[in-house]
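So you can see what is in the structure, the chains are spelled out below.
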Amino acid sequence: MAEPLRLLCFDLDDTLWPVRPVIIRAEHRLRNHLDAVAPEVYRRLSAEDFTAFREARLAADPSLRHRLSALRRLVLEDALRTVGYADAEARAVEAFEVFFDARNDVAYFEGTLEALEALSRRYTLAALSNGNADIQRLGLDHLFAFHFNAEGVGAPKPQPAMFEAALQRAGLGPEQAVHIGDHAVDDVQGAAAVGMKTVWVNESGAPWPGPGPAPDWTVPHVPALLEIF
Ligand SMILES: [Mg+2]
């Protein structure tokens, strides 16, 4: 007999909330903060300067590609130091906090929190994200038994490390777990590769782009999971 499903893993960005408006607003707040406390930054540096800082940091340490908080903090530090602040590191930490606060102020897709509440009464829920959303700051820690991100695990989805960490933490085999996410490769292909069941959250109703086998289920949004699980 098949083992019962016990663990539901969720992607965060673009699965529980649309991420683009969150990042745009967070960058806007960061800019306002710097304009107030370090106006030279945006007066003297262009978008190309920031891109150059970013690329130099990534070239020096490729692991920063999935350590998004550290990367953003270091780029801010480079910018502040370049325009002449001796205390660039402390100022970068403070500026990052402004960004990070806004980054964790999200507008959930309709009905999502209610659906997570209902599912959390029947299953163990986990969050698996390549991004740097913070479950505590989001106020979601009462719903998720645990969470992993690329920065903590040391490798982003679709690599197996994050999915395997979740199975190990829950003490379950892959056939007892399902991963739910919007990304065909990072979420669906990655989870299927370790043997987990998969749900593709396909808000736009696009055809399955592949590669690899289609997901076990496709839903337009998280509340539709209540019809499956
Ligand atoms: Mg996503």
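One can find the structure itself at the top, above this paragraph.
Definitions and limits used
- In this convention, every chain numbers its residues from 1, walking through the sequence in written order.
- In keeping with the predicted nature of the model, local features appear solely for residues at pLDDT of at least 70, side-chain atom pairs appear and are counted solely at 80 or more, and the whole-chain, interface and lining totals rest on all residues.
- Side-chain descriptors were evaluated using all non-hydrogen atoms of the structure, hydrogens and water having been removed beforehand.
- Elements are defined by DSSP. Helices are runs of H or I of four residues or more, strands are runs of E of two residues or more, and each kind is numbered from the N terminus.
- A radius of gyration in this sense is built from C-alpha atoms; the matching globule rule multiplies 2.2 Å by the number of residues raised to 0.38.
- Burial classes: relative accessible area under 20% of the type maximum marks a residue as buried, over 50% as exposed, and values in between as partly exposed (1.4 Å probe, protein chains only).
- We call two residues contacting when some pair of their heavy atoms lies within 4.5 Å.
- Each accessible area is a Shrake-Rupley estimate made with a 1.4 Å probe; only the visible protein chains count as cover when residues are assessed.
- Here the positive residues are Lys and Arg and the negative ones are Asp and Glu; neither His nor the chain ends is included.
- For charged residues, the charge sits on one atom: NZ in Lys, CZ in Arg, CG in Asp, CD in Glu.
- Cavities and pockets were defined on a 1 Å grid built from protein atoms only: a cavity is a group of points that admits a 1.4 Å probe but offers it no way out, a pocket is an open group of points flanked by protein on both sides within 12 Å along at least five of seven lines, and a lining residue is one with an atom within 4 Å of any such point.
- Grid points are joined across faces, edges and corners, and a volume is the space filled by probe spheres set on the points.
- Gly is placed with the polar residues, together with every amino acid not listed as nonpolar (Ala, Val, Leu, Ile, Met, Phe, Trp, Tyr, Cys and Pro) or charged (Asp, Glu, Lys and Arg).
- Residue ranges assigned to the domains are those given by an automatic or database domain assignment.
- When DSSP finds two or more bridges between a pair of strands, those strands are recorded as paired.
- A donor here means an N, O or S atom no more than 2.8 Å from the metal, or no more than 3.2 Å when the metal is Na, K or Ca. Since water is not included, a site may seem to lack partners.

Quick word on the overall build of the protein
Turning to step 1, where the next piece is worked out: Each helix and strand counted, the protein has 10 helices and 6 strands in total.
Turning to step 2, where the next piece is worked out: Relative to a compact globule of 229 residues, whose C-alpha radius of gyration would be 17 Å, the protein shows 19 Å and is just as compact.
Turning to step 3, where the next piece is worked out: Here the protein holds 229 residues, and 45% of them are scored as buried.
Turning to step 4, where the next piece is worked out: For the protein, contacts bridging at least 24 residues in sequence account for 61% of all contacts bridging at least 6.
Turning to step 5, where the next piece is worked out: Accessible surface for the protein amounts to roughly 11200 Å². Of this, 51% is attributable to carbon and sulfur atoms.
Turning to step 6, where the next piece is worked out: Each charge class in the protein was averaged separately, 22 positive and 33 negative side chains, and the resulting centres sit 3 Å apart.

Looking at the layout of surface pockets
Turning to step 1, where the next piece is worked out: Counted as a void, the largest pocket has a volume near 880 Å³.
Turning to step 2, where the next piece is worked out: Along the walls of the largest pocket sit 33 residues, with Ile 23, Glu 27, Arg 54, Arg 72 and Phe 99 positioned nearest its centre.
Turning to step 3, where the next piece is worked out: Contributing elements (two or more residues each) for the lining of the largest pocket: helix H1 (19-37), helix H3 (47-60), helix H4 (68-82), helix H5 (88-103) and helix H10 (184-193).
Turning to step 4, where the next piece is worked out: In terms of residue class, the lining of the largest pocket is built from 13 nonpolar, 7 polar and 13 charged.
Turning to step 5, where the next piece is worked out: Built from parts of two domains, the lining of the largest pocket gets at least three residues from each of domain 1 (7-17 + 108-227) and domain 2 (20-103).

Remarks on the pairing of strand E1 (residues 7-10)
Turning to step 1, where the next piece is worked out: Both faces of E1 are covered, namely the face carrying Leu 7 and Cys 9 and the face carrying Leu 8 and Phe 10.
Turning to step 2, where the next piece is worked out: With 4 bridges joining them, E1 and strand E2 (residues 124-129) adopt parallel strand pairing. From the neighbouring strand, Leu 7 faces E2, where its bridge partner is Thr 124.
Turning to step 3, where the next piece is worked out: Pairing analysis gives 4 bridges linking E1 to strand E4 (residues 177-181), with the strands arranged parallel. Within E4, the residue paired with Phe 10 across the bridge is Ile 180.

Quick notes on the coordination of the magnesium ion
Turning to step 1, where the next piece is worked out: Here the magnesium ion is held by Asp 11 (OD), Asp 13 (O) and Asp 182 (OD), and the distances to it run 2.1 to 2.2 Å.
Turning to step 2, where the next piece is worked out: Residue class for Asp 182 comes out partly exposed when judged on its relative accessible area of 23%.

A few points about the side chain of Thr 112
Turning to step 1, where the next piece is worked out: With respect to the helices and strands, Thr 112 occurs in helix H6 (residues 112-120).
Turning to step 2, where the next piece is worked out: Among the residues examined, Thr 112 registers a relative accessible area of 0% and is labelled buried.
Turning to step 3, where the next piece is worked out: Among residues more than four places away in sequence, those in contact with Thr 112 are Leu 16, Val 222 and Pro 223.

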